[in-house]
Amino acid sequence: MATSFKQIEENLKTEAGKLLDAGKVSMVLAYGRGYDEKHPLPYVARSLADVDGMVFNEYCTANLARYLVRYPRGTKIGIAAKAADSRAVIQLIQEDKVKRDDLVILGIPVYGMKNAKTDEAIDAKTTCGLYNPVIYDVLLGEEVHGQPVLSPYEVLEKVEAMGQDERFAFWKKELDRCIRCYACRKACPMCYCDPCFIDQNKPKWGEKSPETGGNLMYHLTRFHHLAGRCIDCGECSRACPVDIPLYLFHKKVAKECEEMFGQAAGMSIDEKPALINFRVEDSDKILE
Amino acid sequence: MSRIGVFVCHCGLNIAKTVRVSELAQFAATLPDVVVAKDYKFMCSTPGQEMIANDIKEHRLDRVIVTACSPLMHEQTFRKVLSASGLNQYLLTIVNIREQVSWVTHDIDEGTAKSKALLNGAVNRARLLAPLTSRVIDVNPDVMVVGGGIAGIQAALELANTGRKVYLVEKNSTIGGHMAQFDKTFPTLDCSACILTPKMDSVMQNKNITLMTSCEVSEVKGYVGNFDITVKQKARYVDHDKCNACLACTEKCPGKGVSEWDEGLVKRKAIYIPFPQAVPQKPIIDRDACTYFIKGKCRLCEKVCEQKAIDFEQQDTFSTMKVGAVIVATGYDLMDTKPLVQYGYGKYPGVYNALEVERLFNSAGPTGGKVTMRDGKEPQAIAILHCIGSRDKNNYEHCSRVCCMYSLKFAHLFKEKTSADVYQFYIDMRAAGKGYEEFYNRIIEEDVKFIRGKGARVAESADEPGRLIVEAEDTITGKFIKLPVDMVVLSPAMKPRADSKDLARLFNLSTDKYGFFMERHPKLAPLSTMSEGIFIAGVCQSPKDIPDTVAQANGAAAEALTIVVKDKMELEATTAMVNPASCCGCQNCVRVCPYGAPFFKEDKGVSEINEALCKGCGLCASVCPSSAIIARHFTNEQVLAEMEGLMEF
Ligand SMILES: Cc1cc2nc3c(=O)[nH]c(=O)nc-3n(C[C@H](O)[C@H](O)[C@H](O)COP(=O)(O)OP(=O)(O)OC[C@H]3O[C@@H](n4cnc5c(N)ncnc54)[C@H](O)[C@@H]3O)c2cc1C
Ligand code: SF4
Ligand code: SF4
Ligand code: SF4
Ligand code: SF4
Ligand code: SF4
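Residues numbered from 1 in each chain as written. Chains lettered and ligands numbered in written order. Predicted model: local features only at pLDDT ≥ 70, side-chain atom pairs only at ≥ 80, totals over all residues. Heavy atoms only, no water.

Here's the deal with a nonpolar patch on the surface
Note the threshold: Every patch collects residues that have over 30% relative accessible area and no salt bridge, joining them within 9 Å if they carry like charges and within 5 Å if they are nonpolar side chains (Val, Leu, Ile, Met, Phe, Trp, Tyr). All accessible areas in this document rest on Shrake-Rupley with a 1.4 Å probe, and a residue is counted as covered only by the protein chains that are shown. Salt bridge, as used here, is a side-chain nitrogen of Lys or Arg placed within 4 Å of a carboxyl oxygen of Asp or Glu. Numbered from the N terminus, helices here are DSSP runs of H or I no shorter than four residues, and strands are runs of E no shorter than two.
On the surface, Phe634, Val639, Met643, Leu646 and Met647 of chain B cluster together into a nonpolar patch covering about 440 Å² of accessible area. If you trace the backbone, Phe634 of chain B turns up in the loop between strand E34 (629-631) and helix H17 (636-647).

Encoded structure:
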């Protein structure tokens, strides 16, 4: 049986309290109350007194690894990390944005998370489908086992069946709806560039107002920048106010990358990011 | 507003036959900012160069575009024309319409159209070019040679004789390499030691050479002209400064190790010199064989050593040398033939590999130069199997180049030292060096039997215990043969050193798929590498014989000298730099740079590029997600403008 959300919340408070009290970390990244139960917010506890403000429920989908890069290198941070979030933490360690030794990872096994907008259960269709964190120091609930294990790439069947023209039409239609709020980028743990290429003016890589050319430039480049790095948390798509299924593209790129280099993003701190690690034995398929 | 001059070269008919050159010049004249456009038969000729120089003055040009051959050929030529005319040399653009256009098409319409597109892009880019200043750096006059085989010895001596200080780093306890293991050398059959040991001694005696045996390179920093190389001195447990080479210790030592020098055929002491002419003549202790290190008791060597040179407490030490250039000459290993189970090496005592046989012939070897087998008997019939693992897609595709010849040498020596019948199993007889065909003919006359067909299998004889059967197809008669012999000699593929890829990583060298170091250009720069200031010589580059090895060593010494002979050198100005305000600290640049130029500054959280190491390849700029990297001479604006120009067509 999966540990209840309430129990996880209790454990989270206890463990965070212990860490802060012992001075092992200077902050704990977790979730706090939002304007209602369905919209919990990212929350930073810096002292024992802050711990009470923490919550955990089925709507705590945000990937807190997003915030790790905000703090100066060397800051000791405790972080609540669900299954996919832990992969983001690993990927950030691989990219040397954070150091393993500076982190205390409070792993959260998840079952029954929900999309606040639709109230649908979140599963392998829109995320990587893992139940248990890949890496953690403390586990805040019992590991989830016995649940159906689905391939995160099954959902791709429909787009993969499309012909080239049809596929382009599909993505053009989807991306044309983008209002360029950049919520996807803000939600993404791997989109940490400051400034993002699309914000630059010299040279100007693409139009900034929402129109086809600029939208394609932004999104296609972003997909490309996340190749081999996206850990399939699905937060970009959940953050999108106009519900563009960005996860489909990210999953497709992740799948190709995994097939080509035999490694999925954020699965082991000993690996190097697939696309900037040349190995002689790498497949040449990428050149085709 | 720029004032651009465009100069279109015919390259005789090389370009003119598939590009309408005058049309191209007329087209150029219509492009914005182009104030003069001309075509000419040979732009690189003196009149061609003068034409450009005159036009620079007459039309007050501030950008020059030459549409001609690859910049690898004449970029320097035209840069000099600009400099001499008072223009910064980086304001030159070369458009390659020979290799990239005329040589890849037969269609003059297509050729002309593509040339126009390339030129249009180049004009767009030329406008945005900025003058750049080359960097001048100091050059350290010393050289390091890594590997003390014949290649390294030769290179070190050549350099030392010009007065350079040379560090010769050898991982074994003696220099000499494989050549020191041989008895005779083909094709002349002169005694290997007689020609090699004088050179080894010269190394020892030469005041300009610092000989560093039992040493390995552990870290390489810096760049051409200014390398900082850290060398690990492995503990020898003998203080060579005190040791007077009396070798009393080696007599008393009870420890037993395996003699690497004799290819494991015999044992040696735990404190030892590998062979009598070793240089230096001073012993080392093999920890794994030493009774004291194993059991905690013995120290006999210490007792007999009057010099008090034995030091069981000795540790590995590290020291850093500063040099201007490096020659890597680390040689080869023979392929391990055990995995080729069909040949029974390691299983049947009668099967030998080539280096073992070299030791059997050698008078300083395990048998004192007598050809006796592991069972003490002299063989009556011997089969030498060529191409074991070489010319073999499942193992090494290359021809090891020396096996045919040393197999002939073996045949001769077997004939000289035994009364055995000698059979050569070969695929093709490759005898392409000076005096080699003659050597081959000589051996034919010595009544050696040649069977054209690769040895397929070695099995134990069912009828005569202890004898071996070699199976092969004689491709001349088409018959399948089974030949009973006493001894089988395998001529295995020469392969790169087991650690060649690690060394490549240290020195930033490229290797081929097997691990042989890659030259900068297979024909025109066979001794240079992609890392400026690092040269290669000998078999570490590819299999070859001693004459070729020595020739390469001399060449590499000369190449190294061209660098260290100057006290200053100019480096290309086309390097990359990081704009710290845009850098997100992802370190992609650090990971992709093949030259190790970018480094991460922990305190600022951004990357920076060491200009002296940067070769301007632009990889970092292309992987930088936040486009924080400015590749000088190929800035994003310049490249985008060029692409726009190209895409207008
Ligand atoms: C069985 C056999 C017989 C041959 N007979 C002949 C012949 O008769 N005539 C002929 O012309 N050619 C012959 N050859 C070819 C000959 O051996 C080579 O051409 C020659 O030895 C190449 O010299 P080298 O210096 O490149 O390499 P090596 O002789 O291999 O020397 C390399 C040296 O570098 C050292 N080293 C290796 N790695 C490192 C490291 N990481 N750091 C420091 N030092 C290192 C090694 O210890 C060694 O001392 C024969 C080859 C074989 C296999
Ligand atoms: S969140 Fe949606 S609307 Fe906003 S930029 Fe991303 S895709 Fe466009
Ligand atoms: S691209 Fe989307 S799914 Fe991938 S890591 Fe970023 S937010 Fe998560
Ligand atoms: S889209 Fe690319 S440049 Fe922008 S933040 Fe994401 S990874 Fe960085
Ligand atoms: S790739 Fe670009 S953003 Fe990343 S560290 Fe290097 S310079 Fe900075
Ligand atoms: S331009 Fe090339 S050499 Fe220079 S830093 Fe970038 S990757 Fe390295």
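What about helix H14 (residues 546-564) of chain B?
What sets the pattern is the α-helix's 3.6 residues per turn: residues three or four places apart point alike. All names here are of chain B. Our working definition: Multiplying 1.5 Å by the residue count of a helix minus one yields the expected span of that helix. Exposure classes here rest on a 1.4 Å probe applied to the protein chains alone. A residue is buried below 20% of its type maximum, exposed above 50%, and partly exposed in between. Only heavy atoms matter for contacts: two residues are in contact if any of them lie within 4.5 Å across the pair. For the purposes of these results, a polar contact is taken to be a pair of N or O atoms within 3.5 Å, where, inside protein, one atom must be able to donate a hydrogen and its partner to accept one; residues adjacent in sequence count only when each atom of the pair is a side-chain atom.
The end-to-end C-alpha distance of H14 is 27 Å, a good match for the 27 Å that 19 residues give at a rise of 1.5 Å each. Regarding H14, the residues found buried are Thr549, Gln552, Ala553, Gly555, Ala556, Ala557, Ala560, Ile563 and Val564. Considering only its buried residues, H14 is in contact with strand E6 (143-146), helix H5 (150-161), strand E18 (325-328), strand E29 (534-536) and strand E30 (568-571). In this structure Asp545 caps H14, since a side-chain oxygen of it lies 2.9 Å from the backbone nitrogen of Asp548.

As for the sheet that holds strand E3 (residues 63-68) of chain B
Residue and element names in this part refer to chain B. This is how it is decided: Any two strands are treated as partners once DSSP identifies two or more bridges connecting them. As a rule, the C-alpha atoms of each element are fitted with a line to give its axis, helices using only the stretch in contact, and angles between N-to-C directions run from 0 to 180 degrees.
Here four strands make up an open sheet; going across it, the order is E2-E1-E3-E4 and the pairing parallel. Because the sheet does not close on itself, it has two edges, and the strands there are strand E2 (34-40) and strand E4 (92-96). Across the sheet, the mean angle from the axis of one strand to that of its neighbour is 15°, orientation sign disregarded. Judged from the five bridges that link them, E3 and E4 form a sheet pairing that is parallel. If you follow Ile65 over to E4, its bridge partner there is Thr93. Of the strands in this sheet, strand E1 (4-9) and E2 touch helix H1 (residues 21-29), which is tilted by about 175° from E2. Where helix H2 (residues 46-58) meets the sheet, its contacts fall on E1, E2 and E3, and the angle it forms with E2 comes to roughly 170°.

Description of helix H10 (residues 354-361) of chain B
Residue and element names in this part refer to chain B. Burial of H10 is extensive: eight of the eight residues sit out of reach of the surface. Here H10 has its buried residues at Ala354, Leu355, Glu356, Val357, Glu358, Arg359, Leu360 and Phe361. Looking at the buried residues of H10, the elements they touch are strand E8 (184-185), strand E19 (332-334), strand E20 (351-353), helix H11 (403-417) and strand E27 (487-492). For H10, the capping residue at the N-terminal end is Asn353, with a side-chain oxygen 2.9 Å from the backbone nitrogen of Leu355.

Quick look at the pattern of salt bridges
Counted by the stated rule, this structure contains 61 salt bridges over all chains. The partner of Lys18 of chain A in a salt bridge is Glu15 of chain A, with the nearest N and O atoms 3.3 Å apart. Of this pair, Lys18 of chain A and Glu15 of chain A both sit in helix H1 (residues 5-21), three residues apart, which is roughly one turn of the helix. With a shortest N-O distance of 3.4 Å, Arg374 of chain B and Glu356 of chain B are connected by a salt bridge.

So, the site of ligand 2
Counted only if it meets this: Any residue with a heavy atom lying within 4 Å of a molecule or strand is counted as near it. Only Asp, Glu, Lys and Arg are considered charged in this grouping, and only Ala, Val, Leu, Ile, Met, Phe, Trp, Tyr, Cys and Pro are considered nonpolar; every other residue, Gly among them, is considered polar.
Around ligand 2, a shell composed of Cys178, Ile179, Arg180, Cys181, Tyr182, Ala183, Cys184, His219, Cys240, Pro241, Val242 and Ile244 of chain A is seen. Taken together, the residues of the shell around ligand 2 break down into 10 nonpolar, one polar and one charged.

Looking at the side chain of Lys251 of chain A
The topology assignment puts Lys251 of chain A in helix H8 (residues 246-261). Not counting residues within four places of it along the chain, the set of residues in contact with Lys251 of chain A comprises Ala124, Lys125, Thr126, Thr127, Cys128, Pro152, Tyr153, Val155, Leu156 and Asp232 of chain A.

Focus on the environment of Leu31 of chain B
Residues and elements named next belong to chain B. Structurally, the position occupied by Leu31 is in the loop between H1 and E2. For Leu31, a relative accessible area of 9% corresponds to the buried category. Along the chain, Leu31 and Ala462 lie 431 residues apart, while their C-alpha atoms are 86 Å from each other. Filtering out sequence-adjacent residues up to four positions away, Leu31 remains in contact with Asn120 and Val123.

Some thoughts on the interface of chain B and chain A
Rules: Summed over both partners, buried area is the accessible surface (1.4 Å probe) that two parts give up on being assembled.
At the junction of the two partners, chain B supplies 20 residues and chain A supplies 18 residues. Summed over both sides, the interface between chain B and chain A buries roughly 1600 Å², with carbon and sulfur atoms accounting for 54% of that surface. A per-residue breakdown of the area chain B buries against chain A is headed by Cys584, Arg591 and Pro625 of chain B, which together make up 31% of the total. Summed over the shared surface of chain B and chain A, the result is three salt bridges. Close ionic contact of Lys99 of chain A with Glu602 of chain B constitutes a salt bridge, the shortest N to O distance being 3.5 Å. At the junction of chain B with chain A, the criterion picks out 10 residue pairs in polar contact (both at pLDDT 80 or more). For the side of chain B that touches chain A, the secondary-structure elements that each account for two or more residues are helix H15 (588-592) and H17 of chain B. Considering only residue class, the side of chain B that touches chain A consists of nine nonpolar, eight polar and three charged.

Details of the sheet that holds strand E23 (residues 449-452) of chain B
Residue and element names in this part refer to chain B. Across the sheet, five strands lie side by side as E20-E27-E21-E22-E23; this open sheet has parallel pairing. Sheet topology places E20 and E23 at the edges, where each strand pairs with a single neighbour. Averaged over all pairs of adjacent strands, the angle between strand axes in this sheet comes to 20°, irrespective of strand direction. Across four bridges, the pairing between strand E22 (residues 421-426) and E23 is parallel.

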